[in-house]
Amino acid sequence: GLVLGLEGTAWNLSAALFGDDLVALHSAPYVPPKGGIHPREAAQHHASAMKEVVSRVLAEPERIRAIAFSQGPGLGPSLRTVATAARALSIALGVPLVGVNHCVAHVEIGRWATGFDDPIVLYASGANTQVLGYLNGRYRIFGETLDIGLGNGLDKFARSHDLPHPGGPAIERLAQEGDYIELPYTVKGMDLAFSGLVSAAQESGAPLEDVCFGLQETAFAMCVEVTERALAHAGKNEVLLVGGVGANGRLQEMLRVMCEERGAAFAVPKRTYLGDNGAMIAYTGKIMLEHGVTLPLEESQIRPGYRADEVEVAWRTEPGE
Ligand code: ATP
Ligand code: FE2
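Source: prediction; values computed, not measured.

Some remarks on the coordination of the iron ion (ligand 2)
Surrounding the iron ion (ligand 2) are the protein donor atoms His102 (NE2), His106 (NE2) and Asp276 (OD), at 1.9 to 2.2 Å. Mapping the donors of the iron ion (ligand 2) onto the primary sequence yields the spacing H-x3-H-x169-D. You can see His102 and its partner His106 sitting in helix H3 (residues 102–114), four residues apart, about one turn around the helix. Pair check on accessibility: His102 and His106 agree, each one buried.

Have a look at this one:
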């Protein structure tokens, strides 16, 4: 059987079909004309692209066993648009809904794509920056940002210098020509904060390339420190990098060096599975369905603040079992 997955928590409306492997994937990214993502405009984009995105993956509807959708976390208007389409498909095809936590889906597709079993996960995206690991039936959040997500911080800095959106790739290119400058480093226990760093970078009078380099080095070192501490604390030996910021070569390099020093394995999924995509929802929906986890229509309301550690991970057994 197949599971159709719908993702649309923020900028990317994306649908996929997952069977034993990925069968189809189609995305329609929303690119804000200027400034950051406007929640209502993103939702309007999703609504107008829905027919095209869904019909591109809707081959063999009679083999579809469930409709999975990202229930949260994310932007309210975008989540509502996706949930409405998912409910309509579920009713039309006569198959159950599966409500997927977006953060857990990043982790699960990452495990599938890399073959890692029980990693510490650095999930660095636009709105989220968290270090997670499986413990006693849940993905525990060992540490996370106390203010903004790293990607949104990079995008904000980029906007203030009229760099194209999304800002991460532009900053990475400029940083390759830069020299190190010192910027504020904030790690509090296992948690991080980026807004002070981003403000200081915006106010810096240093050459743009140097500010980009300093911004990356500082933000990524903070992420690596927390990841390393979680790895030691949880006694695991794999590190998985997921989320859109995970595309950054320098962040990958810094994590790889830390893992080599600790004798841990490091992996990052290929780009298709790194940022928001329908495949991660279809895949996670499929393993949830196989473990009997479905969502009655009357409980299918969106969950904009849905946290990874609220999910009972019914599909994993304890390591070593
Ligand atoms: P979430 O809802 O999980 O927070 P998201 O909607 O922000 O995710 P993602 O696709 O996971 O979406 O991440 C997008 C972010 O990734 C953007 O902020 C973008 O700047 C950042 N990004 C993309 N490529 C790079 C790169 N090479 N270096 C740094 N950041 C990058
Ligand atoms: Fe995401």
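Topic: the sheet that holds strand S2 (residues 12–18)
On the basis of which strands lie adjacent, the open sheet formed by five strands has the order S3-S2-S1-S4-S5 and mixed pairing. Looking at strand neighbours, the two that pair on one side only are strand S3 (22–29) and strand S5 (97–101), the edges of this open sheet. On average, each strand axis in the sheet is inclined to that of its neighbour by 20 degrees, with strand direction left out of account. Here S2 pairs with S3 via seven bridges, running antiparallel. Bridging from a neighbouring strand, Ala15 pairs with His26 of S3. Across the sheet, helix H1 (residues 39–57) touches strand S1 (2–7), S2 and S3, and the angle it forms with S2 is around 20 degrees.

Considerations on the site of ligand 1
The immediate surroundings of ligand 1 are formed by 27 residues, with Tyr123, Ser125, Gly126, Asp155 and Asp276 found nearest. At 3.4 Å, a side-chain N or O of His106 approaches an oxygen atom of ligand 1. With respect to ligand 1, the backbone of Gly126 contributes an N or O atom lying 2.8 Å from an oxygen atom. Within the residue set of the shell around ligand 1, elements represented by two or more residues are H3, helix H4 (150–160) and helix H5 (167–175). Taken together, the residues that form the shell around ligand 1 break down as nine nonpolar, 14 polar and four charged. Mapped onto the domain boundaries, the shell around ligand 1 takes at least three residues apiece from domain 1 (2–105 + 273–310) and domain 2 (107–271).

Section: the nonpolar core
Of all hydrophobic cores here, the largest spans 43 residues; its most connected members are Leu150, Phe157, Ile171, Phe194, Leu215 and Leu255. Contributing elements (two or more residues each) for this core: strand S6 (120–124), H4, H5, helix H6 (195–203), helix H7 (208–234), strand S11 (238–242) and helix H8 (249–262). Sorting elements by how many residues they give to this core places H7 first, with 11 residues. Other than its neighbours up to four places away in sequence, Leu255 contacts Leu122, Val224, Thr227, Val239, Leu241 and Phe266.

Brief notes about the domain arrangement of the protein chain
Per the domain assignment, the segments of the protein chain are domain 1 (2–105 + 273–310) and domain 2 (107–271). Centre-to-centre, using C-alpha coordinates, domain 1 lies 25 Å away from domain 2. Between domain 1 and domain 2, the contact holds 21 residues from the first and 25 residues from the second. Around 2,000 Å² of area is buried between domain 1 and domain 2 when both sides are counted, 64% of it from carbon and sulfur atoms. Three residues stand out in domain 1 for area buried against domain 2, namely Cys103, Tyr273 and Leu274, and they jointly supply 39% of the buried area on that side. Linking domain 1 to domain 2 there are one salt bridge. Glu144 serves as the salt-bridge partner of Arg307, at 2.8 Å between the closest nitrogen and oxygen. Between the two partners, domain 1 and domain 2, sit 14 residue pairs in polar contact (both at pLDDT 80 or more). Elements supplying a minimum of two residues to the side of domain 1 that touches domain 2: H3 and helix H9 (278–290). Here the side of domain 1 that touches domain 2 takes five residues from H9, the largest share from any one element. Broken down by class, the residue content of the side of domain 1 that touches domain 2 amounts to 12 nonpolar, five polar and four charged.

Section: the pattern of salt bridges
Any two side chains of opposite charge can pair, on the condition that their charged atoms come close. In total, this model carries 14 salt bridges according to the counting rule given. The closest approach of N and O atoms between Arg111 and Glu108, which form a salt bridge, is 2.7 Å. Of this pair, Arg111 and Glu108 both sit in helix H3, separated by three residues, roughly a single helical turn. There is no split in this pair, since Arg111 and Glu108 are both buried. A salt bridge links Asp118 to Arg316, with the shortest nitrogen-to-oxygen separation between them at 2.9 Å. Taken together, the positions of Asp118 in the loop between H3 and S6 and Arg316 in the segment after H9 put the pair 198 residues apart, joining distant regions of the chain.

Quick word on H1
Along its 19 residues, H1 runs 25 Å from first to last C-alpha, staying within 8% of the 27 Å computed at 1.5 Å per residue. Where H1 bends most, the angle comes to about 50 degrees, and this point is Ala49. Within the sequence span of H1, burial applies to Ala42, Ala43, His45, His46, Ala49, Met50, Val53, Val54 and Val57.

So, the side chain of Arg111
Of the residues examined, Arg111 reaches a relative accessible area of 14% and is grouped as buried. Within the structure, Arg111 has its side chain in polar contact with the side chain of Glu108 (distance 2.7 Å). When sequence neighbours within four positions are dropped, the list of residues in contact with Arg111 reads Phe116, Asp117, Pro119, Tyr139, Leu240 and Arg316.

Reading the values: rules and limits
- Each chain has its residues counted from 1, following the order in which its sequence is written.
- Written order determines the labels here, with chains lettered from A and ligands numbered from 1.
- Given that the model is predicted, a residue must reach a pLDDT of at least 70 before its local features are reported, and side-chain atom pairs must reach 80 or more before they are shown or counted; all residues, however, enter totals for whole chains, interfaces and linings.
- As a rule here, side-chain values come from all non-hydrogen atoms in the structure, and water together with hydrogens is ignored.
- The rule for donors is simple: an N, O or S atom within 2.8 Å of the metal counts, and for Na, K and Ca the reach is 3.2 Å. Water is not among the atoms, so a site may look short of donors.
- Counting from the N terminus, the helices are DSSP H or I runs at least four residues long and the strands are E runs at least two residues long.
- Partly exposed describes any residue whose relative accessible area lies between the buried limit of under 20% and the exposed limit of over 50%, with all areas from a 1.4 Å probe on protein chains only and scaled to the type maximum.
- What makes two strands pair is DSSP finding at least two bridges between them.
- All axes are obtained by fitting lines to C-alpha atoms, using only the stretch in contact for helices, and the reported angles, taken between N-to-C directions, cover 0 to 180 degrees.
- Contacts between residues were defined by any pair of non-hydrogen atoms, one from each residue, lying within 4.5 Å.
- Distances are taken per atom, and a residue is near a molecule or strand as soon as one of its heavy atoms is within 4 Å of it.
- Definition of a polar contact: a pair of N or O atoms within 3.5 Å, with one able to donate and the other able to accept a hydrogen when the atoms are protein atoms, and with sequence-neighbouring residues admitted only if both atoms are side-chain atoms.
- Polar here means any residue outside two lists: the nonpolar Ala, Val, Leu, Ile, Met, Phe, Trp, Tyr, Cys and Pro, and the charged Asp, Glu, Lys and Arg; Gly therefore counts as polar.
- Where each domain begins and ends is defined by an automated method or by a domain database.
- Buried Ala, Val, Leu, Ile, Met, Phe, Trp, Tyr and Cys residues form a nonpolar core when they are joined through side-chain atoms within 4.5 Å.
- Using a 1.4 Å probe, buried area is obtained as the accessible area two parts lose upon being combined, added over both of them.
- When a carboxyl oxygen of Asp or Glu is within 4 Å of a side-chain nitrogen of Lys or Arg, the pair counts as a salt bridge.
- Expected helix span is given by 1.5 Å per residue-to-residue step, counting one fewer step than there are residues.
- Bend, in this description, refers to the angle at a residue between axes fitted to the seven residues ending there and the seven starting there.

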